[in-house]
Amino acid sequence: MTIVKVGVINYLNTFPVYYGIEKGIVKLPRNTVLVKGVPTVLNKLLEDEDIDISVISSFEYAKNHRNLVILPKLSIGARKKVMSVLFLSMDPIEKLEGKRVYLTNASLTSKILLLIYFRNLGIKPKIEEFEYSRGIPTDNHHGVLVIGDDALTLKYHNNYRYVYDLAEIWYGLTGLPFVFALWCVNRSSLSKKSGDIDTVIDMIYRSKDIGKKNYRRIAMEKSKELGIPYSDCMKYLRTLHFDLGRDYIRGLVRFFDIAYREKFLDEPPELSFYSENH
């Protein structure tokens, strides 16, 4: 039996997409396995062909675009503010020259976006990575990049003086929304398991449509789980964009162009979209 492996990030910002599946409303085929992990882990699994379909950091697609296909109706994006990709700082960001800052190792896209902004400001902080599950480093540092549920909860428990929303920073630079994550299929998997993958993709789309109609239920469940107000959960869900509209594609292309210009990418990536006709 052919097995189709689907990568899942267990964050509030992906839960609407998987809501129908998680609640048993949409039944995946028996040959489908859900593989859960943080973005950087799923990035690697998809690159190594250890999973077939996954939500991944948008920058990961840019790095590996020759081997991936984008699902055209799915993304995690935001216009102006995202609330869950935050740089927290003891000093104004433009005054961090030479100062130690920690960047989460859970998201490559957010890291690259922040580094682009540092260059735009003409500053070079001392960059170190950390793993949030081990806690924020307690040594003398001046800023920290956090993402996902960690960022949502840390908002209520931190001593940093300045909070920068990276989607807001991007909008200030470009006037465009930002795409933090994409759902992609490995080209090799698509050629070997096309029929099975077509079925799973259709069910993920259906699951997302159900999730978008159930924000209130999702917010109620996740507010208790994360320990944050229901109103904030609702505001957050309404802030996010789960489709991939034209403005968001423009924002994605601009991000890739800048990343290439700043030499974070070896070549400008082409956008290749999944089609049922392949």
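Residues numbered from 1 in each chain as written. Predicted model: local features only at pLDDT ≥ 70, side-chain atom pairs only at ≥ 80, totals over all residues. Heavy atoms only, no water.

1. Points about the packing of helix H1 (residues 15–22) against helix H9 (residues 215–226)
For clarity, the cut-off: An axis is simply a line fitted to the C-alpha atoms; with a helix, the fit covers only the stretch in contact. Between two such axes, the angle follows the N-to-C directions and lies from 0 to 180 degrees. The helix and strand labels rest on DSSP assignments: H or I over at least four residues marks a helix, E over at least two residues marks a strand, and numbering proceeds from the N terminus. For classification purposes, angles smaller than 35 degrees are called roughly parallel, those larger than 145 roughly antiparallel, those between 65 and 115 roughly perpendicular, and all remaining angles oblique. The contact criterion used throughout is that any non-hydrogen atoms of two residues lie within 4.5 Å. Under the grouping applied here, Gly and all other residues not named as nonpolar or charged are polar, the nonpolar ones being Ala, Val, Leu, Ile, Met, Phe, Trp, Tyr, Cys and Pro and the charged ones Asp, Glu, Lys and Arg.
At a minimum axis distance of 11 Å, the contact between H1 and H9 shows a crossing angle of 95 degrees. When the axes of H1 and H9 are compared, the pair comes out roughly perpendicular. Here Phe-15, Pro-16 and Tyr-19 of H1 lie close against H9, whose contacting residues are Tyr-215, Arg-217, Ile-218, Glu-221 and Lys-222. Across the contact of H1 with H9, the residue classes break down as 5 nonpolar, no polar and 3 charged.

2. Considering helix H8 (residues 194–212)
Convention followed: How far a helix is expected to stretch is found by multiplying one less than its residue total by 1.5 Å. For every residue, the accessible area (1.4 Å probe, protein chains only) is compared with the maximum for its type, and the residue is labelled buried under 20%, exposed over 50%, or partly exposed between those bounds.
Helix length check: H8 (19 residues) gives 27 Å between terminal C-alpha atoms against 27 Å at 1.5 Å per residue, within 8%. Listed in full, the buried residues belonging to H8 are Ile-197, Val-200, Ile-201, Met-203, Ile-204, Tyr-205, Ser-207, Lys-208 and Gly-211.

3. Structural notes on the sheet that holds strand S9 (residues 162–165)
Stated precisely, the cut-off is as follows: Paired strands, in this sense, are two strands between which DSSP finds at least two bridges.
Spatially, 5 strands are ordered S7-S6-S8-S5-S9 in an open sheet, and the strand pairing comes out mixed. Looking at which strands have only one partner, the edges of the open sheet turn out to be strand S7 (126–130) and S9. Strand-to-strand twist in this sheet, taken as the mean axis angle between neighbours without regard to direction, amounts to 20 degrees. Here strand S5 (residues 85–89) runs beside S9; their pairing, made up of 4 bridges, is antiparallel. Counterpart to Phe-87 in the pairing with S9 is Tyr-164.

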